[in-house]
Amino acid sequence: MNITKKVTILAVGLGLVTLPACGSSSDGSDGPGGRSGGGSKTVTLVSHDSWAASKDVVAAFEKETGYRLRVLEDGDAGQAVNKAILTKDNPQGDVFFGVDNTLLSRALDNELFQPYEVKDSDAVLPEYRADEDGHRVTPVDTGDVCVNYDKEWFEKRDLAPPRTFDDLTEPEYKDLLVTSNASTSSPGLGFVLGTAARYGDENWQDYWKKLKDNGVKVVDGWEQAYNEEFSGSAGGRQAGGDRPLVVSYASSPPAEVIYADPKPKTAPTGVADGTCFRQVEYAGLLSNARNPEGGKALLDFLISKPFQEDMPLNMFVYPVREAAQVPEEFAEFGPQAENPETMDPTKIAEHRDQWIKSWTSLVLK
Amino acid sequence: MDLARTEVSRAEAGRAAARRRGTAARLGLMAVPVAFFAVFFAYPVAAIVARGLKTDGVWQLGRIGEVLAQSDVRQVLWFTTWQALVSTALTLLIALPGAYVFARFDFPGKQLLRAVVTVPFVLPTVVVGTAFMALVGRGGLLDELWGLRLDTTVWAILLAHVFFNYAVVVRTVGGLWGQLDPRQEEAARMLGASRLTAWRTVTLPALAPAVAAAALMVFLFTFTSFGVVQILGGPTFATLEVEIYRQTSEIFDLSTAAVLTMIQFVAVGAILALHAWTVRRRETALRLVDASQTARRPRGAGQWALLAGVVATAAVLLLLPLAVLVERSFGDAGLGHYRALTHDDGGVFLVAPIAAVGNSLRYAALATVIAVAVGTLASVALTRRDAGRLVRGFDALLMLPLGVSAVTVGFGFLIALDEPPLDLRSSWILVPLAQALVGVPFVVRTMLPVLRAVDVRLREAAAVLGASPWRVWREVDLPMVRRAVIVAAGFAFAVSLGEFGATVFIARPDNPTLPVAVARLLGRPGELNYGQAMALSTILMIVCAVALLFLERLRTDRSGEF
């Protein structure tokens, strides 16, 4: 009996090694974009792993358009863009969502997208529009990278939390800030770009020298900075984090409220709104999409009112659509910065690598 | 005379035919493992390396020199090598007494302890790295005792490497140690040798190859270390593996990544060749006895002190970080975070996080089936008596996936397996396939020593009596390796459960595995997310521990390498 069982196991095992090949090509739902024709009823969205949406909003899209939505989450933001570029001749899906202004040029230069102007393009707030001649990308959401502070820590010491980039170099905030590596972490890079925008090509390095002298700590990823080092987060409190200032997002305080049980009346953390850099995330129709019609419908959906209003509590970002309502608890604890630093994607493209290099040798070495 | 000559030539012809049949059988057995590795490993890796080093169809081999000339790269190479050497030495220093204690002493809770010290080896670093900070980070045990903080120092990396690889030494060396006949050493002492001389001349030579094999395995794992260095080392330390990840995944400099991949490939190949050589030396005939006969209760103050020392080390270095994980999973919420795992309204996933447990178990089960099938065929082929040098080299080759970065294999999958009939890039089957790739080496390493120990004469006798090769295997080998197969399956299962690097590339939002779900929860602010991440990690830890404890009950007579 043992032998029969083993033979069965072997046979099944070998079958599985060779069968899936047939499986994926004959079953359109499993092949990318359903290359077998019957799959044109499926539209595939490739994104990074922060993608999230409410079930009923997705269901409404599927019902309205008749397409079934498949989502492929492809690692963190940078990784997902790189993978999309690698596979552009034979893409994994129809629409890519999640390239931000810091990486937009890499995507455009590599001809990742084909033109499509979404139906409601006029409803997108003008300041977020990009590539208006080519219409290769559509802005979908926006978020601010800002320094967060631990309210209790500052209240206990009767010290006002910092408000601006300049404040961070003041002696009373010595050894308090933790950020993440600009070459491997998106908020880390956003913060460096914020300082470059604020102080200009000439002076941003001097600013970082001061910041370094004032004891800024750099760890590799946002997860370590926020969950380990920052004294204001749930993880940091348990891990005994001793840095009351962290580079994170303007939307982190509402997350601390919404993902708590019971929900506190106020957020335990706040945002230094003079330290913000605005990121915009774009989506586009992939150059060799197998289901371009479905992809177009999906892009229309991404800036439709229901989806835009659904985003804040799922992905913790702000809508780009004019007059889209932001849920109250989100707006209350995570207001958008008044005057965030911004930078033209072309300028980022020109300087990105050089800035990261200079920053690395200045701060890490 | 003539008649005799004809007889001789007939016999020769018969032997030649047998050889041909043997070759055919061997090729038949090798076909599946070779095809598996060619399609799911060699081809994707070659494709991504070629992508990096080829522009317009011309190889840019000059890139190799350019990359090597960069001082950053040389610095990474130097750090990779020396931290691996020191980590290996430190692991041997701390784990060898453990190997001795587990081999020679009987004490209550031994099986449980042996299972628990193996848990770190199969846990994903994304989980343990954070908990390990509780030992060496601020407010950690060392901080409280001596005001010592090791986070973002190289010491944190070294200690974490001991934490992860302790089990490799305990299992590899301790497994053999337990089966060495203690009477040989006793005989030497009766003949007048001092305790030290007896140990040095009798036990040490017998153990040396196993120690070398374990050391090389630890060196391989620390040389290619990724998560530990990333999480505990901070941004200033990078191993080759971390640098390959950065170049591929963040900077998108594929040609530099390709050169670094090739360097790592050569280094890992050399380590594995050396390893294969020591392993074969180890398989020279030793007088082995049943491990249960050699272990006894410790006697005298010295032995008790040794046992206490080992248990204390294991408790501080291995159990404490795991305990911290469990403690954090409760937090102030009691079972709240565990309950939250069953809701699907968290927004992070399309399904309740607890569904990740089911996904992980299903994937791991399938990965195990594939790994055992491929690994068994390879092991049988490798133990055939007529296996030539080429075939024997193949067992080192089977280990290569352990030493090639997951990001290289993952990106390779993307560009290599993108044409029907092998367009698997977005198919769920890639998850168990990638996991099986990591599981096969463990299956082979567990089964080979057992299969090689089967007396060849038994097989020959069966064959002479007219049994078909299949029947020989069934009647002679199978009964002996049945338990090895189960142990191998268990290891492949545990390793698959914890596999993160390759899985994260392919897991889909509607069916995340446990490590992927943990990483995603950790990627979001908020107490509930953090608490759920810790609770899921605890569940993963328990599932691994249960699988390993089950293995403890099924230990083979002649233990494999892990």
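Residues numbered from 1 in each chain as written. Chains lettered and ligands numbered in written order. Predicted model: local features only at pLDDT ≥ 70, side-chain atom pairs only at ≥ 80, totals over all residues. Heavy atoms only, no water.

**Q** I'm lost on the overall build of chain B in this one. Help?
**A** When helices and strands are counted, chain B shows 24 helices and 2 strands. Split into buried and exposed, the 562 residues of chain B put 58% on the buried side. For chain B, long-range pairs separated by at least 24 residues make up 80% of all intrachain contacts whose partners lie at least 6 apart in sequence. Counting every atom, chain B has about 22,100 Å² of accessible surface; 64% of that belongs to carbon and sulfur. (Helix = DSSP H or I, 4+ residues; strand = E, 2+ residues; numbered from the N terminus. Buried < 20%, exposed > 50% of the residue type's maximum accessible area, 1.4 Å probe, protein only. Contact = heavy atoms within 4.5 Å. Areas by Shrake-Rupley, 256 points an atom, 1.4 Å probe, with all protein chains shown as cover.)

**Q** What is the right way to look at the overall build of chain A in this model?
**A** Looking only at helices and strands, chain A features 13 helices and 10 strands. Of the contacts made within chain A by residues no fewer than 6 positions apart, 74% connect residues no fewer than 24 positions apart. Total accessible area on chain A is roughly 14,300 Å²; 48% of this is exposed by carbon and sulfur atoms.

**Q** Teacher, can you tell me more about the nonpolar core here?
**A** Ranked by internal contacts, the top residues of the largest apolar core, which has 223 residues, are A:L302, A:F307 and B:F36. Core analysis: the next-biggest nonpolar cluster, separate from the first, contains 35 residues, A:V147, A:Y199, A:L362 and A:V363 among them. (Core = buried A, V, L, I, M, F, W, Y, C linked by side-chain atoms within 4.5 Å.)

**Q** When you look at the interface of chain A and chain B in this model, what are you seeing that I'm missing?
**A** How large an interface is tends to be reported as the accessible area lost when its parts come together. Each partner contributes to the interface: chain A provides 71 residues, whereas chain B provides 71 residues. Interface area, chain A with chain B, both sides summed: about 6,300 Å², of which 56% is carbon and sulfur. Our count for the contact surface shared by chain A and chain B stands at 4 salt bridges. In this structure, the salt-bridge partner of A:E228 is B:R328, at a minimum N-O distance of 4.0 Å. Linking chain A to chain B there are 16 residue pairs in polar contact (both at pLDDT 80 or more). Mapped onto the side of chain A that touches chain B, the elements with two or more residues apiece are α1 (2-26), β2 (68-73), α3 (77-86), β7 (217-219), α7 (222-229), α8 (234-239), α9 (252-258) and α11 (305-315) of chain A. Residue composition of the side of chain A that touches chain B, by class: 29 nonpolar, 22 polar and 20 charged. (Buried area = accessible area lost by both parts, 1.4 Å probe. Salt bridge = Lys/Arg side-chain N within 4 Å of Asp/Glu carboxyl O. Polar contact = N/O pair within 3.5 Å; in protein donor to acceptor, adjacent residues only side chain to side chain. Nonpolar A, V, L, I, M, F, W, Y, C, P; charged D, E, K, R; others polar.)

**Q** Would you explain the packing of helix α4 (residues 110-122) of chain B against helix α7 (residues 154-177) of chain B in this entry?
**A** Describing two packed helices takes the angle between their axes plus the distance from one axis to the other. All names here are of chain B. For the pair α4 and α7, interaxial distance at closest approach is 6 Å and the crossing angle is 130 degrees. Viewed along their axes, α4 and α7 adopt a mutual orientation that is oblique. Relative to α7, the crossing made by α4 is left-handed. For the pair formed by α4 and α7, the contact residues are R114, A115, V117, T118, P120 and F121 on the first element and F163, F164, N165, Y166, A167, V168 and R171 on the second. Of the residues assigned to the contact of α4 with α7, the class counts are 9 nonpolar, 2 polar and 2 charged. (Axes fitted to C-alpha atoms, helices over the stretch in contact; angles between N-to-C directions. Parallel < 35°, antiparallel > 145°, perpendicular 65-115°, else oblique. Left-handed = near helix turned anticlockwise from the far one by under 90°.)

**Q** How should I be thinking about the packing of aromatic side chains in this particular structure?
**A** Given two aromatic rings, one states the distance between the centres and the angle between the planes to describe the pair. As enumerated under the stated definition, the model contains 33 aromatic pairs over all chains in all. Here the aromatic rings of A:Y226 and A:F230 are separated by 5.4 Å at their centres, their planes lie at 40 degrees, and the arrangement is tilted. Across the pair, A:F230 and A:Y226 agree in class, each one buried. Seen in terms of ring centroids, B:F79 and B:W82 are 5.7 Å apart; in terms of plane orientation they differ by 90 degrees. Their pairing is edge-to-face. Note that B:F79 and B:W82 are positioned in helix α3 (residues 71-104) at a spacing of 3 residues, about one turn of the helix. The class for B:F79 is buried, based on a relative accessible area of 8%. The residue whose ring lies beneath A:R157 is A:W153, and the NZ or CZ to ring-centre distance is 3.9 Å. (Phe/Tyr/Trp six-rings, centres within 6.5 Å; stacked < 30°, edge-to-face > 60°. Lys NZ or Arg CZ within 6 Å of the ring centre and 35° of its normal.)

**Q** Would you take a moment to explain the side chain of A:T138 for this structure?
**A** Within the element layout of this structure, A:T138 appears in strand β5 (residues 138-150). Residue A:T138 is classed as buried on the basis of its relative accessible area of 5%.

**Q** How do you make sense of the state of the cysteines when you look at a structure like this?
**A** A covalent bond bridging the sulfur atoms of two cysteines is what the word disulfide describes. Residues and elements named next belong to chain A. Counted by the stated rule, this structure contains 1 disulfide over all chains. Sulfur-sulfur distance for the disulfide between C146 and C276 comes to 2.0 Å. Across the disulfide from C146 to C276, rotation about the S-S bond amounts to roughly 115 degrees, and the bridge is consequently right-handed. Of this pair, C146 sits in strand β5 while C276 is found in strand β9 (residues 269-286), placing the two residues 130 residues apart along the sequence. (Disulfide = S-S within 2.5 Å.)

**Q** Help me understand the packing of helix α2 (residues 55-65) of chain A against helix α10 (residues 292-302) of chain A, please; the structure alone is not making it clear to me.
**A** All names here are of chain A. Running from amino to carboxyl end, α2 crosses α10 at an angle of 140 degrees, the nearest separation of the two axes being 11 Å. On the basis of their axis angle, the class for α2 and α10 is oblique. With respect to the hand of their crossing, α2 and α10 are arranged in right-handed fashion. Taking contact as the criterion, the partners of V57, F61 and T65 in α2 are, on α10, A297, L298 and F301. Tallied by class, residues from the contact of α2 with α10 come to 5 nonpolar, 1 polar and no charged.

**Q** Mind showing me how you'd approach unusual backbone geometry here?
**A** Located in the positive-phi region is A:H135, a residue other than glycine, with phi close to 50 degrees. Here A:H135 shows up in the loop between β4 (113-114) and β5. Although it is not a glycine, B:D56 adopts a positive phi angle of roughly 50 degrees. Mapped onto the elements of the fold, B:D56 is located in the loop between β1 (54-55) and β2 (58-59).

**Q** Would you mind going over the pairing of strand β3 (residues 95-100) of chain A with me for this structure?
**A** Note on strand geometry: in a regular strand, side chains alternate between the two faces of the sheet. Residues and elements named next belong to chain A. The buried fraction of β3 amounts to 6 of the 6 residues, a majority that puts the element mostly inside the structure. Judged from the 3 bridges that link them, strand β1 (residues 42-47) and β3 form a sheet pairing that is parallel. When the sheet's bridge partners are listed, V46 is paired in β3 with F96. In this sheet, β9 lies alongside β3 in antiparallel orientation, the contact comprising 5 bridges. Of the residues in β9, the one forming a bridge with F97 is A283. (Pairing = 2+ DSSP bridges.)

**Q** Please explain the pairing of β1(A) as it appears in this structure.
**A** Residues and elements named next belong to chain A. Burial within β1 is extensive, with 6 of its 6 residues counted as buried. Every second residue of β1 is oriented toward a common face, with T42, T44 and V46 on one face and V43, L45 and S47 on the other, all of them buried. Looking at chain direction, β1 and β2 are connected through 6 bridges and run parallel. Note on β2: the bridge partner recorded for V43 is L69. In this fold, the crossover linking β1 to β2 by way of α2 has right-handed handedness. (Right-handed = clockwise from strand over helix to strand, strands pointing away.)

**Q** Whenever I open this one, the pattern of salt bridges confuses me. Can you help?
**A** Close approach of charged atoms allows side chains with opposite charge to pair. Residue and element names in this part refer to chain A. If you walk through the whole model with that rule in mind, you get 24 salt bridges over all chains. Across the pair D144 and R278 runs a salt bridge, and its minimum N-O distance is 2.7 Å. Within this pair, whereas D144 is found in strand β5, its partner R278 is found in strand β9, the two being separated by 134 residues in sequence. Overall, R278 belongs to the buried group, its relative accessible area being 10%.

**Q** Mind showing me how you'd approach a nonpolar patch on the surface here?
**A** All names here are of chain B. Taken together, the side chains of L145, W146 and L148 make up a nonpolar region of the molecular surface, amounting to roughly 370 Å² of accessible area. Assignment of secondary structure puts L145 in helix α6 (residues 141-146). What makes L145 exposed here is its relative accessible area of 52%. (Patch = residues over 30% accessible without salt bridge, like charges linked within 9 Å, V, L, I, M, F, W, Y side chains within 5 Å.)

**Q** Looking at this structure, how should I read the confidence of the model for chain B?
**A** Any residue range with low pLDDT should be treated as having predicted coordinates unsuitable for detailed reading. Residue and element names in this part refer to chain B. Of the residues in chain B, 89% reach a pLDDT of 70 or more, and the chain-wide mean stands at 82. For chain B, helix α22 (residues 503-506) is the element with the lowest average pLDDT, namely 66, and α3 is the one with the highest, namely 94. Under the prediction, the complex receives an ipTM of 0.80, its pTM being 0.83. (pLDDT = per-residue confidence, 0-100.)

**Q** What's the story with the side chain of A:S185 in this structure? I'm lost.
**A** In this fold, A:S185 is placed in the loop between β6 (177-180) and α6 (186-213). Excluding residues that lie within four positions of it along the chain, A:S185 makes contacts with A:S180, A:D220, A:G221 and A:W222.

**Q** Teacher, can you tell me more about the environment of A:D131 here?
**A** All names here are of chain A. In this fold, D131 is placed in the loop between β4 and β5. Sequence spacing of D131 and L104 is 27 residues, and the spatial spacing of their C-alpha atoms is 10.0 Å. In contact with D131, other than residues within four places in its own chain, are R136 and V137.

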